[in-house]
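Observations on the three-dimensional arrangement
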Amino acid sequence: MDEVKTRIAERENALLGDEILARIDELGKISETPEHLTRVFLSKEHRAAADLILGWMRDAGMRAHLDAIGNVCGRYEGERPGLPCLMLGSHYDTVRDAGKWDGPLGLITAIVCVADLNKRGKRLPFAIEVTGFADEEGVRFASTLLGSRAVAGTFDDSVLGTSDRAGVSMRDALMTFGLDPGHIGAAARTRRELHAYLELHIEQGPVLEENNLPVGVVTAIAGATRLAANLTGMAGHAGTVPMALRRDALAGAAESIVAIEEFCRADQGGLVGTVGTINAMPGATNVIPGQVSFTIDIRAAADAHRKLAVTELVRQIEAIAKRRKLALQVDVTHENRTVPCALWLKAQVADAIAGEGFRVFELPSGAGHDGMAMIDIVDVAMVFVRCRGGVSHHPDEHVDRADADAGARVLLRLIENFTPRDAVG
Ligand code: GLV
Ligand code: MN
Ligand code: MN
């Protein structure tokens, strides 16, 4: 009974939650534009954020450095130096016009938990590493999960030559950031160094809120395919070319986008499809668009289902292009299989949630996370924290202080009771 009272009193004080909120606000101010939060991979603001996070890690008792892709890496030694680690983390890049919580909540909560251990002088039979992944969103260049792929040793060097909207190559952007593109291989870690990868993240959907719960156990991260589509027709005069003779690439893209939406809406298996960017050329009111590029993001819980859907959608877009006499090119820019969270780790997440007095509730993640890349070298698990209205990738994204605090308590309990797989009975 006394223990319960103490826990409730602590929760009312919500000290970890207060600290998390203050840091979320501080990091959220580092943005490329003052009126919107945008902090894309390797921008000047991304660098300023990395420096702020490095300072927080050092204050929390960690050794900290930037690795070769721009991940912010902190290490808190265990009972003796050099032990394998439990890796915690999330990303510090954002989408455009983002919320403050997607990524930073997990990263800041991990740092706050380590700071708490450090304050108490507590060392564990394993090290803790906290990684702020440099690129999870894949907003600036066509590829994504660049930070966690570098750590997992699966970074594809061919993406270094890709350019952003302004024509800056990833190679040049890395150098401007102060990094050597020739050393990305040095960011890779080995299986022997890691016990597990554990990420706390906002849910980005409404399920926890519907169930009146602050936290949940993630079962799996849904696979995704991203495509870049390019339609080429014929530019021409908006006043002189008769409608029947036009090869309007933008009209072809519009028809394709509606076909994607209708196909996904009709699906019964939870398929989702999004066209999030489109660019029409030459881009003048009085010129028929001759060339259009757009992106397609397709996700589903089952890999086979997603793959079949992608094949069918490409077939439909090909048919639209053919009928409209447009040339079509479709490239896969990103493909990730569905990643299951490890059973042995999920059980420990559930124990920590129950230990904090919350009902254990499992849910899948429709959003992508760095665990999708980390799975290639280590088992992964995730804790979700409720966010208001399920709103994310939007400036209205919000987490209540009490929920941030609940997430931190769960994570701290999980860390302190963590048992590596080979020691699980
Ligand atoms: C990242 O947030 C994604 O799911 O695309
Ligand atoms: Mn995220
Ligand atoms: Mn995101």
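Let me begin by describing the structure that accompanies this report. (Residues numbered from 1 in each chain as written. Chains lettered and ligands numbered in written order. Predicted model: local features only at pLDDT ≥ 70, side-chain atom pairs only at ≥ 80, totals over all residues. Heavy atoms only, no water.)

1. Here's the deal with the overall build of the protein chain
Helices and strands together make up the secondary structure of the protein chain, namely 12 helices and 16 strands. Relative to a compact globule of 425 residues, whose C-alpha radius of gyration would be 22 Å, the protein chain shows 23 Å and is just as compact. In terms of overall dimensions, the protein chain has C-alpha extents of about 80 × 45 × 40 Å along its principal axes. Counting only residues that meet the buried cut, the protein chain has 53% of its 425 residues in that class. By sequence separation, contacts in the protein chain at least 24 residues apart represent 79% of the contacts at least 6 residues apart. Here the protein chain displays about 18600 Å² of accessible surface, and carbon together with sulfur accounts for 53% of that area. (Helix = DSSP H or I, 4+ residues; strand = E, 2+ residues; numbered from the N terminus. Rg over C-alpha atoms; globule rule 2.2 N^0.38 Å. Buried < 20%, exposed > 50% of the residue type's maximum accessible area, 1.4 Å probe, protein only. Contact = heavy atoms within 4.5 Å. Areas by Shrake-Rupley, 256 points an atom, 1.4 Å probe, with all protein chains shown as cover.)

2. Topic: the coordination of the manganese ion (ligand 3)
Protein coordination at the manganese ion (ligand 3) comes from Asp102 (OD), Glu137 (OE), Glu137 (OE) and His393 (NE2), with a distance range of 2.0 to 2.7 Å. Separating the manganese ion (ligand 3) from the manganese ion (ligand 2) is a gap of 3.5 Å, which Asp102 spans by donating to each of them. Placement of Asp102 in the loop between strand 3 (85-91) and helix 4 (104-119) and of Glu137 in the loop between strand 4 (127-133) and helix 5 (146-152) is noted, with a sequence separation of 35 residues between them. Its relative accessible area of 6% is what places Asp102 among the buried residues. (Donors = N, O, S within 2.8 Å, 3.2 Å for Na, K, Ca; no water.)

3. Focus: the coordination of the manganese ion (ligand 2)
On the protein side, the manganese ion (ligand 2) has His91 (NE2), Asp102 (OD) and His201 (NE2) as donor atoms, found 2.0 to 2.3 Å from it. Each donor residue of the manganese ion (ligand 2) belongs to the same chain, and together they define the spacing H-x10-D-x98-H.

4. As for the environment of Gly78
Summarising the element assignment, Gly78 is placed in the loop between strand 2 (72-76) and strand 3. It is 5.1 Å that separates the C-alpha atoms of Gly78 and Arg123, two residues lying 45 residues apart in sequence. The residues touching Gly78, leaving out its near neighbours within four places in the chain, are Leu83, Arg123, Leu124, Phe126 and Ala127.

5. Let's talk about the packing of aromatic side chains
Applying the stated criterion to the full structure yields four aromatic pairs. Taking 6.3 Å as the distance between ring centres and 85 degrees as the angle between the ring planes, the aromatic pair formed by Phe41 and Phe141 counts as edge-to-face. Here the residue Phe41 occupies a position in the loop between helix 2 (15-28) and helix 3 (44-59), and Phe141 occupies one in the loop between strand 4 and helix 5, the gap between them amounting to 100 residues. Classification of Phe41 by relative accessible area gives buried; the value is 1%. For Phe141, a relative accessible area of 2% corresponds to the buried category. Among the aromatic residues, those joined into a ring-pair cluster are Phe126, Trp344 and Phe418. The ring of Phe177 has Arg47 lying over it, and the distance from NZ or CZ to the ring centre is 5.4 Å. Over the face of the ring belonging to Tyr76 we find Arg123, whose NZ or CZ atom lies 4.0 Å from the ring centre. (Phe/Tyr/Trp six-rings, centres within 6.5 Å; stacked < 30°, edge-to-face > 60°. Lys NZ or Arg CZ within 6 Å of the ring centre and 35° of its normal.)

6. Some thoughts on unusual backbone geometry
In this structure, the amide linkage connecting Met281 to the following residue, Pro282, adopts the cis form with an omega of 5 degrees. Inspection of the secondary structure assignment puts Pro282 in the loop between strand 10 (278-281) and strand 11 (287-288). Even without glycine at this site, Asp97 takes up a positive phi of about 55 degrees. With respect to the element layout, Asp97 can be found in the loop between strand 3 and helix 4. Note on Asp97: relative accessible area 28%, which makes it partly exposed.

7. Considerations on helix 2
Over its 14 residues, helix 2 runs 20 Å from end to end, which matches the ideal 20 Å to within 8%, given 1.5 Å per residue. Residues of helix 2 that are buried include every one of Leu16, Gly17, Ile20, Arg23, Ile24, Leu27 and Gly28, and no others. Buried residues along helix 2 cover an arc of 130 degrees about the axis, so they all sit on one side. Looking at the buried side of helix 2, the elements it contacts are helix 3, helix 4 and helix 12 (401-416). (Expected span 1.5 Å × (residues − 1). Arc of directions from axis to C-beta.)

8. Comments concerning the site of ligand 1
Around ligand 1, the neighbouring residues are Glu136, Glu137, Arg226, Arg299, Ala367, Gly368 and His393. Here ligand 1 loses 94% of its free accessible area of 190 Å² to cover by the protein chains. (Near = heavy atom within 4 Å.)

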